[in-house]
Amino acid sequence: MERPINRIPPAHAVQAYQTFSISQRPDVLVRAACQQVGCGAWLRGWDTTVDESTQQGQVQAAYIRTQSGRTFRELRTAAGLTVFRFEAGQRCFAEHKTNPETYAVRDGDWRGNPTGRVRQHQRPADWVEDFGEHQLRIADQQKKG
């Protein structure tokens, strides 16, 4: 059973309001960069250990050396394994996915959008800036009376 929404009765007409929202569609995943998802390998760097005495290890090492496009140092262990030490701040080898967020501002409130106008910000920082400026306008209007 859903809880009823407890809303304060609006003091003004619906046209006097703007609604700022952040939403996610639960059924949508998109490819994401390491930085977007807070990947530990991207943050701290990582090691990849390869056994070049096997065919698979030789293929992996060849890919890392010639095709990966990543910065690394190559080390050898006492057991004869090759360790590729990758620097932080570069894309790892994992395929990351994330659920994208939508940052929107629309006219009106829960009663509706009388103009139909909706702005969608591309970056979260832009939405935050817009929201902050809106709050400052409200505070200034309250001071003026």
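The model shown is predicted, which means the values in this text are computed figures rather than measured ones. (Residues numbered from 1 in each chain as written. Predicted model: local features only at pLDDT ≥ 70, side-chain atom pairs only at ≥ 80, totals over all residues. Heavy atoms only, no water.)

**Considering the overall build of the chain**
As a reminder of what qualifies: Strands are runs of DSSP state E lasting at least 2 residues, helices are runs of H or I lasting at least 4, and numbering of each runs from the N terminus. For every residue, the accessible area (1.4 Å probe, protein chains only) is compared with the maximum for its type, and the residue is labelled buried under 20%, exposed over 50%, or partly exposed between those bounds. By definition, residues are in contact when any of their heavy atoms lie within 4.5 Å. Throughout, the Shrake-Rupley method with a 1.4 Å probe supplies accessible areas, and for residues the shown protein chains are the sole cover considered.
When helices and strands are tallied, the chain shows four helices and eight strands. Listing every helix and strand of the chain by position from the N terminus yields β-β-α-α-β-α-β-β-β-β-β-α. By principal-axis analysis of the C-alpha atoms, the chain measures approximately 75 × 40 × 25 Å. A buried classification covers 22% of the 145 residues belonging to the chain. Put simply, 62% of the contacts in the chain that link residues at least 6 apart link residues at least 24 apart. Carbon and sulfur atoms form 51% of the exposed surface of the chain, whose accessible area is close to 11000 Å².

**Points about the environment of Trp 42**
Residue position: Trp 42 is located in helix α2 (residues 40-44). Residue Trp 42 is classed as partly exposed on the basis of its relative accessible area of 22%. Considering only alpha carbons, one finds Trp 42 and Glu 87, 45 residues apart in sequence, at a separation of 8.1 Å. Those residues in contact with Trp 42, other than ones at most four positions away along the chain, are Cys 34, Gln 35, Ala 88, Gly 89, Gln 90 and Arg 91.

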